[in-house]
Amino acid sequence: MLATTNKPVIDTRFREKPFTFRAFVETHQRTVYYLALDLTGNHHDAEDLSQEVFIKAHRALDSFRGDASVKSWLYRIAVNTYLNKRRKKALAFMTLQDDFDLEHSAYAQPDAGAEAERMRHHMAEAMKKLSPKERSAFVLRYRQDLPIKEVAAALNVADGTVKSLLFRAVKKLRKTLVMYKPE
Amino acid sequence: MKNYEALMREALVGDLSPEDRARLDAYLAENLTEAQTFREMQGVLSLTSTVEPATQSEEYWDGYYDRLVDRMAREARKAQTSWWEASWAKLQTWLMPLPTWSYQLAVAVVLIAAGIAIGRYSTAPSDVESAVVTQGVTSDAVAMPVALQERTTRYLERSTVLLLGLVHFDTEAAEPATLNLDRKQAIASDLIQEASLLREDLEPTQQEQLRKLISDLEVILLQIANLEAEHDVPAIELVKRGVDERGILLKINLTKMRMEEVQPNKDAAASDAEHFSI
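Residues numbered from 1 in each chain as written. Chains lettered and ligands numbered in written order. Predicted model: local features only at pLDDT ≥ 70, side-chain atom pairs only at ≥ 80, totals over all residues. Heavy atoms only, no water.

## Describing the overall build of chain B
Right, so step 1: Scanning chain B from N- to C-terminus turns up 12 helices and 0 strands.
Right, so step 2: Here chain B holds 278 residues, and the buried ones make up 34% of them.
Right, so step 3: For chain B, restricting intrachain contacts to residue pairs at least 6 apart in sequence, the fraction spanning at least 24 positions comes to 71%.
Right, so step 4: As presented, chain B carries roughly 16400 Å² of accessible surface, and 56% of it is formed by carbon and sulfur atoms. (Helix = DSSP H or I, 4+ residues; strand = E, 2+ residues; numbered from the N terminus. Buried < 20%, exposed > 50% of the residue type's maximum accessible area, 1.4 Å probe, protein only. Contact = heavy atoms within 4.5 Å. Areas by Shrake-Rupley, 256 points an atom, 1.4 Å probe, with all protein chains shown as cover.)

As structure tokens, this is what we get:
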């Protein structure tokens, strides 16, 4: 199976012509990885989760009908995989500071870099208080900027349920991020 | 307050009409505590939009696909484990929680059974006795009429096909409609009805293990029949977990193998019994 996946084929569902699995991964790896990072909160689990997403996508390539966009399809796989892992309690939670091996943004001032790192840490700590579904809804809406309908499709719930999840998530985050409250 | 909470919920996602926005603003102007809370919630969203994700180096991205392919190759090698190795591993997980004395007891039972078997077969019985003994052993193992055995085998085969269809369904990546849940539920309902008839018909045969297997299967079939929708992922995962934890598919395979082994002996013994008018 692996040997054939890098053979270029024309596949209109994926728009890239010719389609190879390598090109598919390279096109979407950043999107999937950063979504996984927001969901899991640490690099190790983000890499693991993002790889699982591509492995599942690879297995399900034939059943993908192309009705939804590729990105929506990958989001749905990522969120469902994350939620299943949390249900099985397979994720190890490590603090963001302990696990990251990052380079600082090219545009940051030294002070701004430290501040940005602190904010990321506080946000990551606050996000741990959310339930897996609240976190998934919050990440998809406010970090990935998906419209409510797409968030609902990714989570397999109604639009109203998404709004309730978001409201609960923001209420919880508000309590934890109290040091950042507006004047 | 609950009504205004609904308005705040809509406002946070930008889904509020101008009229409702005006209502909410009027309410917040009169209720300073809720107004403060709402401002802080909006502040959280502003903060969220300013927190940049930590970036990875270009070397990380350059190696991402190779790491992915390495992992896929490792998982493909693991999946090539033979059925027997998987079954043995499954058997070991059943046996693991048992205390040490149970293994010692099992060994003792095996030794005693071996001793009895040696004693029984070490003399040379007459042809008549041999036919009776054979029939006796056969009767003790599976005393089933052929028609009942065929019904049981068919039931187990249909259940296996249904369960495999569910166990192999990828709840995370596959489109829900491809599960074809309506059809599976119809088959499950049919098998549930057959299960109760089979258990009744098997009662005289004292096939307790087989009846237990059919009862275990019935539990799973009821869960399938009661699934509410194709996208009810947690419920489908629960059913899959039930199949896995009970080792249902392995038990079905072992049962079918036992039934196939006994069937030739039973046919021979039945024909011998007719011959010697026992």
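Read on, since the account is not over.
## Points about the pattern of salt bridges
Residue and element names in this part refer to chain A.
Right, so step 1: Overall, the coordinates contain 29 salt bridges over all chains when judged by the stated rule.
Right, so step 2: As a salt-bridge pair, Lys149 and Asp159 come within 2.7 Å of each other at their nearest N and O atoms. Taken together, the positions of Lys149 in helix α8 (residues 148–155) and Asp159 in helix α9 (residues 159–176) put the pair 10 residues apart, joining distant regions of the chain.
Right, so step 3: According to the relative accessible area criterion, Lys149 is exposed, its value standing at 60%. (Salt bridge = Lys/Arg side-chain N within 4 Å of Asp/Glu carboxyl O.)

## Topic: the nonpolar core
Right, so step 1: In this structure, Phe21, Trp73 and Phe138 of chain A are the most contacted members of the largest nonpolar core, which totals 75 residues.
Right, so step 2: At 10 residues, helix α2 (residues 21–40) of chain A tops the list of elements feeding residues into this core.
Right, so step 3: One finds Tyr155, Leu210, Leu221 and Ile224 of chain B within the second-largest nonpolar core, a separate group that totals 33 residues. (Core = buried A, V, L, I, M, F, W, Y, C linked by side-chain atoms within 4.5 Å.)

## With respect to the packing of aromatic side chains
Right, so step 1: This model, assessed by the stated rule, comprises 13 aromatic pairs over all chains.
Right, so step 2: Between Tyr33 of chain A and Tyr34 of chain A, the aromatic rings sit 5.3 Å apart at their centres with planes inclined by 75 degrees, giving edge-to-face as the arrangement.
Right, so step 3: Residue classification places Tyr34 of chain A among the buried residues on the basis of a relative accessible area of 17%.
Right, so step 4: Here the aromatic cluster, defined as three or more aromatic residues joined through ring pairs, consists of Phe21, Phe24, Tyr33, Tyr34 and Phe54 of chain A together with Tyr60, Trp61, Tyr64 and Tyr65 of chain B.
Right, so step 5: One Lys or Arg, Arg67 of chain B, reaches over the ring of Tyr60 of chain B and ends 4.5 Å from the middle of that ring. (Phe/Tyr/Trp six-rings, centres within 6.5 Å; stacked < 30°, edge-to-face > 60°. Lys NZ or Arg CZ within 6 Å of the ring centre and 35° of its normal.)

## A few points about unusual backbone geometry
Residues and elements named next belong to chain A.
Right, so step 1: Phi angles above zero are rare outside glycine, and Asp145 is one such case at about 55 degrees.
Right, so step 2: You can see Asp145 is positioned in the loop between α7 (132–143) and α8.
Right, so step 3: In the Ramachandran plot, Asn156 falls in the positive-phi region, its phi being about 60 degrees despite a non-glycine side chain.
Right, so step 4: Relative to the assigned elements, Asn156 resides in the loop between α8 and α9.
Right, so step 5: The exposure class assigned to Asn156 is partly exposed, which follows from its relative accessible area of 27%.

## A few points about the interface of chain A and chain B
Right, so step 1: Listed by partner, the interface residues are 56 residues for chain A and 51 residues for chain B.
Right, so step 2: Between chain A and chain B the total buried area reaches about 5400 Å² when both faces are included, carbon and sulfur atoms providing 59% of it.
Right, so step 3: If you sort the residues of chain A by the area they bury against chain B, Lys163, Phe167 and Arg174 of chain A come out on top, with a joint share of 13%.
Right, so step 4: Remark: the boundary between chain A and chain B carries 17 residue pairs in polar contact (both at pLDDT 80 or more).
Right, so step 5: Counting residues per element, the ones that place at least two in the side of chain A that touches chain B are α2, α3 (43–59), α4 (70–87), α6 (110–127), α7 and α9 of chain A.
Right, so step 6: Considering every element that reaches the side of chain A that touches chain B, the biggest residue donor is α3 of chain A, with 10 residues.
Right, so step 7: Its residues placed into classes, the side of chain A that touches chain B shows 26 nonpolar, 12 polar and 18 charged. (Buried area = accessible area lost by both parts, 1.4 Å probe. Polar contact = N/O pair within 3.5 Å; in protein donor to acceptor, adjacent residues only side chain to side chain. Nonpolar A, V, L, I, M, F, W, Y, C, P; charged D, E, K, R; others polar.)

## A few points about helix α8 (residues 146–167) of chain B
Right, so step 1: Compared with the 32 Å implied by 1.5 Å per residue over 22 residues, the 31 Å span of α8 of chain B between its first and last C-alpha is a close match.
Right, so step 2: For α8 of chain B, the complete set of buried residues consists of Leu148, Gln149, Thr152, Tyr155, Leu156, Ser159, Thr160, Leu162, Leu163 and Leu166 of chain B. (Expected span 1.5 Å × (residues − 1).)

## A few points about a positive patch on the surface
Right, so step 1: A surface patch of like charges, here positive, comprises Arg87, Lys88 and Lys133 of chain A together with Arg241 of chain B.
Right, so step 2: Residue position: Lys133 of chain A is located in helix α7. (Patch = residues over 30% accessible without salt bridge, like charges linked within 9 Å, V, L, I, M, F, W, Y side chains within 5 Å. Lys, Arg positive; Asp, Glu negative; His and termini not counted. Charge placed at Lys NZ, Arg CZ, Asp CG, Glu CD.)

## With respect to α7 of chain A
All names here are of chain A.
Right, so step 1: Relative to the 16 Å expected for 12 residues at 1.5 Å per residue, α7 spans 15 Å between its end C-alpha atoms, a close match to the ideal helical length.
Right, so step 2: Counting buried residues along α7, 9 of its 12 residues qualify, which places the element largely inside the surrounding structure.
Right, so step 3: Asp145 sits one or two residues past α7 and shows a positive phi near 55 degrees.

## Looking at a nonpolar patch on the surface
All names here are of chain B.
Right, so step 1: Residues Leu95, Leu98 and Tyr103 make up a contiguous nonpolar surface patch of roughly 240 Å² in combined accessible area.
Right, so step 2: Mapped onto the fold, Leu95 is located in helix α5 (residues 83–95).
Right, so step 3: Its relative accessible area of 35% is what places Leu95 among the partly exposed residues.

## Examining the confidence of the model for chain A
Detailed reading of predicted coordinates is not advised where the pLDDT is low.
All names here are of chain A.
Right, so step 1: The share of residues in chain A with pLDDT of 70 or more is 73%, and the mean pLDDT across the chain is 78.
Right, so step 2: Of all helices and strands in chain A, the one with the weakest mean pLDDT is helix α5 (residues 96–99) (39), whereas α7 scores best (95).
Right, so step 3: Between residues 1–10, whose pLDDT stays under 50, and residues either more than four places distant or in other chains, the model counts 20 contacts.
Right, so step 4: In the predicted structure, residues 93–111 sits below a pLDDT of 50 and forms 32 contacts with residues beyond four places in sequence or in another chain. (pLDDT = per-residue confidence, 0-100.)

## Let's talk about the environment of Thr48 of chain B
Right, so step 1: With respect to the helices and strands, the residue Thr48 of chain B is situated in helix α3 (residues 32–50).
Right, so step 2: Among the residues examined, Thr48 of chain B registers a relative accessible area of 2% and is labelled buried.
Right, so step 3: Ignoring any residue separated from it by four or fewer positions in sequence, one finds Thr48 of chain B in contact with Met123, Phe138, Tyr142 and Arg143 of chain A.

## A word on the confidence of the model for chain B
Residues and elements named next belong to chain B.
Right, so step 1: The pLDDT averaged across chain B works out to 78; a share of 82% of its residues lies at or above 70.
Right, so step 2: Put simply, helix α7 (residues 127–141) is where chain B has its lowest mean pLDDT, 42, and helix α2 (residues 18–30) is where it has its highest, 93.
Right, so step 3: Within the model, pLDDT remains below 50 along residues 127–141, and this stretch shows 19 contacts once partners closer than five positions in the same chain are excluded.
Right, so step 4: Contacts from residues 265–278, a stretch scored under 50 in pLDDT, to residues over four places away or in other chains number 15 contacts.
Right, so step 5: Model confidence for the complex: the whole-complex pTM is 0.57, and ipTM, which rates the interface, is 0.77.

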